Structure formats: structure tokens, C-alpha cells
Amino acid sequence: MARGYKTKITKNDVRHMAGLARLFLDKEEIRKFQEQLSDTLDYIAILNKLNTGNCEPTSQVTGLENVFRDDVVAKTPISIKQTLDSTSESYRHFYKVKGVIEK
């Protein structure tokens, strides 16, 4: 728990948030998340008291940038046979996969 704070998230609050997220929690999970969410809000309360007036906003701190390459069309397109060589099962000119739609 953060020093000097004690935000209280109720079990009903946790149940409500779980319902919004379509999560089904047992009693032990509700108690665990109640404590963790309360501690998280306590920590945020401490951070909100910090003086950040002289800090510049930043979206990341590493200085790394995306490296892009030119999109070049291959001289020789990949054949259907080459593409299907990477699978163990195919049907005509298609990958064969297990069904993903339940009836």
C-alpha cells in the first residue's frame, strides 16, 4: 500500500469492472483485485502530487526511431507451389486448416 493513502475499491466496484470486461471472477480473485486496484489508485494519488511543471512531455525515452526500408517489388514473384511448400496440407491452390467456425 502507498504511504498515507487508502483508496477503497469495493467488491461491487470490482464486480462491475469485471462485468464490463466480460470477466468471471471467483471470491478470491475479487478480493485480490480489490486490494491491487486500491493500491494502484493510492500510487497514482502520490504521482499526481509531484511537481511536473518543468518536465517536457514525452512519448518515449529511449531515443530510438523507426527504421524504414523502401518497399521494392520482387523481380520474380513467388509461385503457388513455393508458397504451399511451407505447409503440410493443402487443397488445390489453398492452405488447408482446421475449421474455426462452430455450428
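We now turn to the structure provided with this report. (Residues numbered from 1 in each chain as written. Predicted model: local features only at pLDDT ≥ 70, side-chain atom pairs only at ≥ 80, totals over all residues. Heavy atoms only, no water.)

## Remarks on helix H2 (residues 27–48)
Reasoning step 1: A rise of 1.5 Å per residue sets the reference length of H2, with its 22 residues, at 32 Å; its end C-alpha atoms lie 32 Å apart and thus fit the reference within 8%.
Reasoning step 2: Buried positions along H2 lie against helix H1 (11–20).
Reasoning step 3: With a side-chain oxygen positioned 3.1 Å from the backbone nitrogen of Glu28, the residue opening H2 is Asp26. (Helix = DSSP H or I, 4+ residues; strand = E, 2+ residues; numbered from the N terminus. Expected span 1.5 Å × (residues − 1). Contact = heavy atoms within 4.5 Å. Polar contact = N/O pair within 3.5 Å; in protein donor to acceptor, adjacent residues only side chain to side chain.)

## Observations regarding a positive patch on the surface
Reasoning step 1: A cluster of basic residues, Lys6, Lys8, Lys11, Arg15 and Lys27, forms a positive patch on the protein surface.
Reasoning step 2: In this structure, Lys6 sits in the segment before H1. (Patch = residues over 30% accessible without salt bridge, like charges linked within 9 Å, V, L, I, M, F, W, Y side chains within 5 Å. Areas by Shrake-Rupley, 256 points an atom, 1.4 Å probe, with all protein chains shown as cover. Salt bridge = Lys/Arg side-chain N within 4 Å of Asp/Glu carboxyl O. Lys, Arg positive; Asp, Glu negative; His and termini not counted. Charge placed at Lys NZ, Arg CZ, Asp CG, Glu CD.)

## Concerning a nonpolar patch on the surface
Reasoning step 1: On the surface, Met17, Phe33 and Leu37 cluster together into a nonpolar patch covering about 220 Å² of accessible area.
Reasoning step 2: Residue placement: Leu37 occurs in helix H2.

## Comments concerning the pattern of salt bridges
Reasoning step 1: Here the structure, examined in full by the defined rule, presents four salt bridges.
Reasoning step 2: Ionic pairing is found between Arg31 and Glu35, a salt bridge with its closest N-O pair at 3.3 Å. Residue Arg31 and its partner Glu35 are both found in helix H2; the two are separated by four residues, about one turn of the helix.
Reasoning step 3: A salt bridge links Lys81 to Asp85, with the nearest nitrogen and oxygen atoms 3.3 Å apart. As far as the burial class goes, Lys81 and Asp85 line up, both exposed. (Buried < 20%, exposed > 50% of the residue type's maximum accessible area, 1.4 Å probe, protein only.)

## Some details on the packing of H1 against H2
Helix-helix packing is characterised by the crossing angle of the two axes and by the distance between the axes.
Reasoning step 1: It is the contact of H1 with H2, at a shortest axis distance of 9 Å, that shows an interaxial angle of 100 degrees. In this view, H1 runs roughly perpendicular relative to H2, as classed from their interaxial angle. Across the interface between the two elements, Lys11, Val14, Arg15 and Met17 from H1 touch Ile30, Phe33, Gln34 and Leu37 from H2.
Reasoning step 2: A class-by-class count of the residues in the contact of H1 with H2 yields five nonpolar, one polar and two charged. (Axes fitted to C-alpha atoms, helices over the stretch in contact; angles between N-to-C directions. Parallel < 35°, antiparallel > 145°, perpendicular 65-115°, else oblique. Nonpolar A, V, L, I, M, F, W, Y, C, P; charged D, E, K, R; others polar.)

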